[in-house]
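Summary of structural features
If you want the building blocks of each chain, they are given just below.
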2 protein chains.
Amino acid sequence: MTINQSKPIAAIVGAGRTKFGELWYDDPEKLLFDAGLNCMQSVDKGIHRNQLEACYFGSFLYQSTNKMGLVPGHMAKELGLNVPITMTEAACASGGSAIYNACMAIRSGQYDTVLVGGFEKMTDRSNKISDDLMFAADPNEFGAGYTFPGLYATMMARYMYDYGEGKQECEDAMAMVASKNHHHAIKNEYAQFRREFTPEAIKKSSLVAHPVRLLHCSPVSDGAAALILTTPEKAHTYTDTPIYILASQQATNDVSLYTRESITSIKTTKLATAAAFKETNLTYKDIQIAEVHDCFTVEEVMFLEDSGYYEKGTAWKGIYESYEAGKTKKHTPYINEQNELIVNPGGGLKADGHPVGATGVRQLHEAWVQLRGQAGGQQVESGLNTALCHNIGGTGAICTVHILGR
Amino acid sequence: MTINQSKPIAAIVGAGRTKFGELWYDDPEKLLFDAGLNCMQSVDKGIHRNQLEACYFGSFLYQSTNKMGLVPGHMAKELGLNVPITMTEAACASGGSAIYNACMAIRSGQYDTVLVGGFEKMTDRSNKISDDLMFAADPNEFGAGYTFPGLYATMMARYMYDYGEGKQECEDAMAMVASKNHHHAIKNEYAQFRREFTPEAIKKSSLVAHPVRLLHCSPVSDGAAALILTTPEKAHTYTDTPIYILASQQATNDVSLYTRESITSIKTTKLATAAAFKETNLTYKDIQIAEVHDCFTVEEVMFLEDSGYYEKGTAWKGIYESYEAGKTKKHTPYINEQNELIVNPGGGLKADGHPVGATGVRQLHEAWVQLRGQAGGQQVESGLNTALCHNIGGTGAICTVHILGR
């Protein structure tokens, strides 16, 4: 383990969240407030809101879906804060982008202790949300009739055509990703879905856009999550067990799918993951758990290749073999030649839920509780030292990667 | 002058913008692209896009008005960039918030050279824009029938009641602010309105919300502006005459008007201005030009008090006397006991235009050309060393202040 070779960027000294799901009675401000309060209450040695020097919040559809703008002002009111508040929008990576900019604020030395939040209230718009979500795609793709399941179906079909070798096992692997993530969420009290699905059940679920079926898709959700970051030097003011952010990287690429060199790989995942590994002197072999952006199961498959964990075109084989070998375990790890990697120990976007602006922050919450050994029923049993969180927006136009360590 | 006591945060080595106005044939991406290109072409020693390491963009209504989200991805496509792009939203201070976060990125040491842009395309929605803009207000205020002219009318009426002493000169002063700013824009080739208005004409314009008349209001506009920031150390790679950012501050407050202690003063202006002066060891006496957020003329009046330039309740007198003394000059300065201050030498939001997300960036563009002596027909004639830029969102729920020096 080479963690200590790199100076941490920041320490996470608190993390909180709401339940994810169809939260009909809560407005977006209340969700963020609840997550913020839960986060402040999680600080071992206590914190007063006057100790928060700045805030970074991420959300995507608050404006079109919730008819709300100037989020800093709304949040200043809800939270009773007069500190600088910045609002970031990066579609489903809005939360990751807020964390990335909060890390920048701490790196800059301008602020020591910062509140980060992500939130989304999606269920208010019913099925109109599919149109709103397409703001994160190329208008030509929307005009041609695509919604996100269709875009990811295009990627999944191409992946299976190029690398699946016509085998049933490749289709099975796409279902196993979802089955595994649902299995991981069973003990997660915050998760939207706590129900087992076999790969067979997933393969029989309604066809949405061939080959994407309903149970390959993450749900439409409401929810919020929050973190408190501080400098490594100040961490012990707040807790004896801080979790450190060792890398914070973001990459951006063309929003369109049709202009890309490859649609079976996400360039921003490659760029941000490589930059994060470079920043920490770690490799994928050092990572024990990963929070991966499994908005559709093919995205988790591509991550395993884009991060270097499996070679290009082979992740589906790795998934298939790992699933068969580990399906009776509490967590089913992905096994490669060198090590084991547990992906989405709390259920990921698939089962925990995907309130888009909250997801990037929820990922670090999950990593935080796991690394501290406080994940309750869903705690990974082996001692953990490292976690990677991967949050993307659109079809991968933006990606943030954070590496955490104890 | 005590500028050199404080280490600059960043250097501005390029600045560009589009014309502001009703730009029916340009979409928002093109506006930002044009401003970015104009900005890159302004770099004295040249710059290649590969030298840009990150981008920060600000816009408010792109999502509701332009049906566009994931702006980082759209911009990556337009600009052909794979660098980290962050999108900030802070209503009319979205541009200022982008600059503030870009300064943070440079302070952090993570990036040396950063592109900042602000843009807005507002005319597409015709008068529906008044509703969209209310996303930046308290929903209770919107529900009660308020739009922004009404909110600022409430502030203006209260100001005139509390401090106007029932005098005609106070009402005149509110008109003189607009008359002066229109006068300043006459030679500004980018400005939306290049036409003189006497205070009498302004006082006779249509009543919008008593006492706010049409010519007290900034217009609905399309446009974009961009800056290139780099570290002070690298500035001379790009130009022999960089302009330095000496302070970059942001403050946030409750979005609602009805909950505030005072509605004749903007708390965030006070907080951000005081923090910026503290950061530079300068006072308002050292500032030679100010780009002030004159969305409605009463806002410029309040700024003159909130920044300390005039004492509380006396700015209208200072404005009245200054206007009478200076109305034949190219620029009409505000005179107080210690010095003279030229506010909005290019016409401000009132005459130059107010594409909301672009405004904060446009202000630094104006300050940049003025400090470099390149403002053409609208160049302030005395040698300039310092400028302050003041950008607010909503009714002052957020404020960014930047102080620039040579």
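Residues numbered from 1 in each chain as written. Chains lettered and ligands numbered in written order. Predicted model: local features only at pLDDT ≥ 70, side-chain atom pairs only at ≥ 80, totals over all residues.

1. Comments concerning the overall build of chain A
Within chain A one finds 14 helices and 13 strands. Relative to its length of 406 residues, chain A is compact, with a C-alpha radius of gyration of 19 Å against a globular reference of 22 Å. With respect to the three principal axes, the spread of C-alpha positions in chain A is 60 × 45 × 35 Å. Considering chain A as a whole, with its 406 residues, one finds that 66% of them fall into the buried category. Restricting to contacts in chain A with at least 6 residues of sequence separation, those with at least 24 account for 78%. (Helix = DSSP H or I, 4+ residues; strand = E, 2+ residues; numbered from the N terminus. Rg over C-alpha atoms; globule rule 2.2 N^0.38 Å. Buried ≥ 20, exposed ≤ 12 C-beta atoms within 10 Å, placed from the backbone. Contact = placed C-beta atoms within 7 Å.)

2. Remarks on the pairing of strand β12 (residues 386–393) of chain A
All names here are of chain A. With eight of eight residues buried, β12 is to be regarded as a mostly interior element. Burial of β12 is two-sided: the residues T386, L388, H390 and I392 facing one way and the residues A387, C389, N391 and G393 facing the other way are all buried. As paired strands, strand β9 (residues 289–291) and β12 are joined by three bridges and run parallel to one another. Looking at β12, one finds that E291 is bridged to C389. Turn length for the β12-strand β13 (residues 398–405) hairpin, with the two strands adjacent in sequence and antiparallel, is four residues, and the turn residue G394 shows positive phi of about 65 degrees. (Pairing = 2+ DSSP bridges.)

3. Re helix α14 (residues 356–371) of chain B
Residue and element names in this part refer to chain B. For α14, which comprises 16 residues, the first-to-last C-alpha distance of 24 Å matches the rise-based estimate of 22 Å (1.5 Å per residue) to within 8%. Most pronounced at R362, the bend in α14 amounts to some 25 degrees. With 16 of 16 residues buried, α14 is to be regarded as a mostly interior element. Looking one or two places after α14, you find G373, whose phi comes out positive at around 75 degrees. (Expected span 1.5 Å × (residues − 1). Bend = angle between axes of the 7 residues up to and from the residue.)

4. Let's talk about the interface of chain B and chain A
Taken together, the contact pairs 46 residues of chain B with 46 residues of chain A. If you list the elements that add at least two residues to the side of chain B that touches chain A, you get α2 (71–79), β3 (85–88), α3 (94–107) and β8 (243–252) of chain B. With six residues, α2(B) is the single largest residue contributor to the side of chain B that touches chain A.

5. Quick look at the pairing of strand β2 (residues 54–58) of chain B
All names here are of chain B. Burial within β2 is extensive, with five of its five residues counted as buried. Burial along β2 is two-sided: the face carrying A54, Y56 and G58 and the face carrying C55 and F57 are both buried. In this structure, β2 lies alongside strand β4 (residues 114–121), joined through five bridges in parallel fashion. If you follow F57 over to β4, its bridge partner there is G117. After leaving β2, the chain enters α2 and then returns to the sheet as β3, a path that is right-handed. (Right-handed = clockwise from strand over helix to strand, strands pointing away.)

6. Here we look at the relation of the copies chain B and chain A
With an RMSD of 0.0 Å, the fit of chain B onto chain A corresponds to turning through 180 degrees and sliding 0.0 Å along the axis. Both copies of the chain, as the preceding transformation shows, are related through a two-fold rotation axis. When each C-alpha of chain B is compared by its distance to the rotation axis, B:S108 comes out closest, at 1.7 Å. Of the residues that chain B buries at the interface, 100% are likewise interface residues in chain A, meaning the two copies contact each other through the same surface. (Least-squares fit on C-alpha atoms with pLDDT ≥ 70 in both.)

7. Notes on the environment of B:D306
All names here are of chain B. Structurally, D306 is set in helix α11 (residues 297–306). Between the C-alpha atoms of D306 and E291, which are 15 residues apart in sequence, the distance is 14 Å. The residues touching D306, leaving out its near neighbours within four places in the chain, are S265, I266, T269, K270 and T273.

8. Points about unusual backbone geometry
All names here are of chain A. Look at the link from H210 to P211: it is a cis peptide, with omega at 0 degrees. Here P211 is to be found in the loop between β5 (207–209) and β6 (212–213). For K67, which is not glycine, the phi dihedral falls at a positive 55 degrees. The residue K67 is located in the loop between β2 (54–58) and α2 (71–79) in this model. One non-glycine residue, A91, adopts positive backbone phi at about 50 degrees. Take A91: it is sitting in the loop between β3 (85–88) and α3 (94–108).

9. Here we look at the environment of B:H216
Residues and elements named next belong to chain B. You can see H216 is positioned in the loop between β6 (212–213) and β7 (222–230). Sequence separation between H216 and A178 is 38 residues, and the spatial gap between their C-alpha atoms is 6.1 Å. Excluding its chain neighbours within four sequence positions, the residues that come into contact with H216 are M174, A178, I202, F296 and T297.

10. Remarks on the packing of α3(A) against helix α14 (residues 356–371) of chain A
Residues and elements named next belong to chain A. It is the contact of α3 with α14, at a shortest axis distance of 5 Å, that shows an interaxial angle of 55 degrees. Overall, the two elements α3 and α14 adopt an arrangement that is oblique. Seen from α3, the contacting residues are S94, G95, G96, A98 and I99; seen from α14, they are V356, G357, A358, T359, G360, V361 and L364. Taken together, the residues of the contact of α3 with α14 break down into six nonpolar, six polar and no charged. (Axes fitted to C-alpha atoms, helices over the stretch in contact; angles between N-to-C directions. Parallel < 35°, antiparallel > 145°, perpendicular 65-115°, else oblique. Nonpolar A, V, L, I, M, F, W, Y, C, P; charged D, E, K, R; others polar.)

11. Considering the environment of B:F135
Positionally, B:F135 belongs in the loop between α4 (129–133) and α5 (139–143). Separated by 259 residues in the primary sequence, B:F135 and B:G394 place their C-alpha atoms 8.8 Å from one another. Setting aside residues up to four positions removed in sequence, B:F135 forms contacts with A:Q63, A:K67, A:M68, A:G69, A:L70 and B:S64.

Taken by themselves, the reported measurements are silent on function.
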